[in-house]
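# Coordinate inspection notes
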Amino acid sequence: MNILEKMQEGFTWFDGGCGTILQAAGLQPGELPERWNMSHADVIRGMHFDYLLAGVNILKTNTFGANCMKFSEEGELETIIRAAIGNARAAVAAAESGQEIAGRSGSDFSRVAKEHYVALDVGPLGKLLKPLGDLDFEDAYRTFLRTVEIGTAEGADLILIETMNDIYEAKAAVLAAKESGLPVFLTTAYDESAKLLTGADPRSVVAVAEGLGVDAVGVNCSLGPEEMMGIVDELAAYASVPVIVNPNAGLPRTEGGRTVYDVTPDLFAKSMIKIASKGARVLGGCCGTTPAHIGAMITEVKKMTPLPLSEKEYSLITSYTHAVEFGKKPILIGERINPTGKKRFKEALRAHDMDYILQQGLLQQDQHADVLDVNVGLPEIDEAGMMEEVVGELQAVCDLPLQIDTTDPVAMERALRRYNGKPMINSVNGKAEVMEQVFPLAKKYGGLIVALTIDEEGIPATAEGRVAIAERIYAKAAEYGIKRKDLIIDPLAMSISAEAESAKVTLEALRLIREKLGGLTSLGVSNISFGLPKRDLVNAAFFTMAMQNGLSAAIMNPASMEMMKSYYGFCALQALDENCTDYIAFTETYEESLPAAAAAGDAGKKTAPAAGAAYDAIEDKSLIPLVESIVKGLKDRAGAITKEMLEAGRSSMDLIDGALIPALDIVGKGFEEKRVFLPQLLMSADAAGGAFDEIRARMRDSGAEQEIKGRMILATVKGDIHDIGKNIVKVLLENYGFEVIDLGKDVPPELIVETAKKENIRLVGLSALMTTTVPAMEETIRQLNAELPDCRTVVGGAVMTPEYAGMIHADRYCKDAMETVRFAEQFFAQEGK
């Protein structure tokens, strides 16, 4: 049977760790484990063979870092992947035939499984994608595709994309893997707060992964099995595909230059029993696990019956950080990024005024929209290019999910491909031609599809006619493999000024779609009042009636006080607002907005967003626009404001001390408290960099010099090409006024020591992602301590812990970039510059 059938049948067993086993076999610090596929093929085959004797079904090839960015010489990547798959196949052949392999004797073949599969193991590239880093999405896609093409040609049975900590990179990898036609599995690596590096939670990962069509989804690495329990709960609650769990063997430590872990095989098995009982059915291990761990797990868990797979009926869209669920309380979709009836927005599109467009998105986020509609269609502009750009720029500064609103299939695909998450797709309708264009795109990229009840005959005059179109759309979508939960029906609101009965028809259609079809619904609410004065009054009344009839989502203006009064009042009355918390918070905003609105002669009409409480600490209130631009990640705006203030006579230090550092502190505190995630942190740092550029230019012109708080080295250690963490630390340190000597990645200990001597450096920061490269970090620290005893080291990376850092004699472990900044401030304040 194939792997998909095997997972349906019952538990399926992955193998365990690789790096720690190779270290025990002699892999040296800085040595690339993928090259052992050729140089130590007997060791690799022996490792696979031992896992097969333990009873596993799936072998991961020794190709975690095998990509053309790491192995760029002609033919090298092909040789590595061919050898890796060949080694796995050789081990399978020996185990299935009951024959010993070289270096093994007296093997017990009684536990060898009947079915075996070779998974092409694909790991992360070690770079952040744009706009957070310098790697373009399409370059990442092509890099993954080359690995997948080779692995497919060499006979892999499935593609395993593992240890992903950025859902955007995972998307690029999945799209590449899907080109193979093979089953695709995805596992991601979470931190102790159950978040990916870039902020996504398990629910969001499931939504994106299933939207892209993966065959199984799960978690691996970073944590031990006990620390994964909450993550497994969430994965199992939302995933309709099988859930994979491959934990580490607890926390690492070093013994005699080798990395070892603290969870024994027996403890591992006990934890995996609990994980299996939560609904996971594809089980194995990651760092530190051995054939003994996996064998103990299989022995115990195979006594159980896995929980049945079931379709989870959650309708979700996501940004890169979080999911929005439809069907519980009405969802607010901000309508302001749309040129229809908006003269100023049309001007912004024609003039490519990105700052204005982004401000519209951020303003609606402040006004509590859940989702942003994005429509940039004007006849005289390149809609496809503008849509792709606006989606990318919005996602760089705003973490709300987006609704891609276009009738142009080219613009739709370009936006869907580049979108970071699972979006809404606006729209499809009952016309056969439109469904044939949109449904394949939705199937490929994932999304919640808005379906308009209009067909070749137009818009039906009755509610029953609109419901009939909805039923046909559901049926056609099913032919493409699109589930009902990924469709939201728009029964269309048309102006009562032109057709007096139109509101009644729409409301009845809403009710029928909910009660007869069990479907979700969406409306462009403000269409109902077109041509009437004081439109907000009609819109708000209709909005309340629509929600009462089952409306799931409204495209509306969150700046309308009348609409927001309707929304918060309805949610409180329908017990959709626990303890009326949101309603009470809204009334405070409402009361604050009344004096300003009354003074403008339009009492109560519009909300007036006030500066956040975080800005209360800013002593010079005239600096708040600059602070806000940095906090929101608006680089161009921050630079322009800084330049304007400098030209008006403000001193550079006033701006640095009064705005730039306080703004970074606001975002940094949010990051430390898990309210702000890495993308916002980096974009704010980038915006601060834009302001600093203007300040540096002014200082150069005046002959002044910027104060340097301290100088330090950063490096990713020998053998490790993953420099995401190091680069993040560098950006923040530089923005806080430190000078950083960045030695890059795969840096030998000798170069670090030599540079520290030459530059008289007293603080060195070292990073490592992979277990196999920690010995190189330990060796670097040993050399630094021997030759520069006054030099201090700070370490970080996915495999590091405070205890592990102490064991390799590092002076400080920092869990993230902000903690590194805080430590550097403390260190240089105490030590002097």
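For the structure itself, consult the block above.
Everything numeric in this text was worked out from a predicted model, so none of it was measured.

## Here we look at the sheet that holds strand β23 (residues 763-767)
As summarised here, the arrangement of the five strands in space is β22-β21-β23-β24-β25, forming an open sheet in which the pairing is parallel. Either end of the sheet is taken by a strand with one partner, and the two such strands are β22 (738-742) and β25 (812-813). Pairing of strand β21 (residues 710-716) with β23 involves four bridges; the strand directions are parallel. The residue bridging Leu714 from the neighbouring strand is Gly765, located in β23.

## What about the pattern of salt bridges?
This structure, assessed with the given rule, holds 53 salt bridges. Where Arg418 meets Asp136, a salt bridge forms, and the shortest distance between an N and an O atom there is 3.1 Å. Residue Arg418 is located in helix α15 (residues 409-418), and its partner Asp136 is located in the loop between β3 (117-122) and α6 (137-153); the two are separated by 282 residues in the primary sequence. We classify Asp136 as buried; its relative accessible area is 17%. The salt bridge partner of Lys476 is Glu479, with a shortest N-O separation of 3.2 Å. A residue pair is termed a helical-turn pair when its members lie 3 or 4 positions apart in one helix, as Lys476 and Glu479 do in helix α17 (residues 463-479) at three residues. Each of Asp665, Glu672, Lys709, Arg822 and Glu825 takes part in a single network of salt bridges with overlapping partners.

## Details of the packing of helix α14 (residues 383-397) against α15
Here α14 crosses α15 at 25°, and the two axes come no closer than 8 Å. Comparing the axis directions of α14 and α15 gives the class roughly parallel. For the pair α14 and α15, the sense of crossing is right-handed. Facing α14, whose interface residues are Glu383, Ala384, Gly385, Met387, Glu388, Val391 and Gln395, α15 presents Val410, Ala411, Arg414, Ala415 and Arg418.

## Comments concerning the pairing of strand β13 (residues 331-337)
Burial within β13 is extensive, with six of its seven residues counted as buried. As paired strands, β13 and strand β20 (residues 553-556) are joined by four bridges and run parallel to one another. Looking at β20, one finds that Leu332 is bridged to Ala554.

## Description of the packing of helix α22 (residues 624-631) against helix α25 (residues 678-702)
Contact geometry for α22 and α25: axes closest at 7 Å, N-to-C directions at 135°. Taken together, the axes of α22 and α25 are oblique relative to one another. From α22, Ser629, Ile630 and Val631 reach across to α25, where they touch Ser684, Ala687 and Ala688. Across the contact of α22 with α25, the residue classes tally to four nonpolar, two polar and no charged.

Definitions and limits used
Residues numbered from 1 in each chain as written. Predicted model: local features only at pLDDT ≥ 70, side-chain atom pairs only at ≥ 80, totals over all residues. Heavy atoms only, no water. Pairing = 2+ DSSP bridges. Helix = DSSP H or I, 4+ residues; strand = E, 2+ residues; numbered from the N terminus. Salt bridge = Lys/Arg side-chain N within 4 Å of Asp/Glu carboxyl O. Buried < 20%, exposed > 50% of the residue type's maximum accessible area, 1.4 Å probe, protein only. Axes fitted to C-alpha atoms, helices over the stretch in contact; angles between N-to-C directions. Parallel < 35°, antiparallel > 145°, perpendicular 65-115°, else oblique. Left-handed = near helix turned anticlockwise from the far one by under 90°. Contact = heavy atoms within 4.5 Å. Nonpolar A, V, L, I, M, F, W, Y, C, P; charged D, E, K, R; others polar.

None of the figures reported here should be taken as evidence of function without further support.
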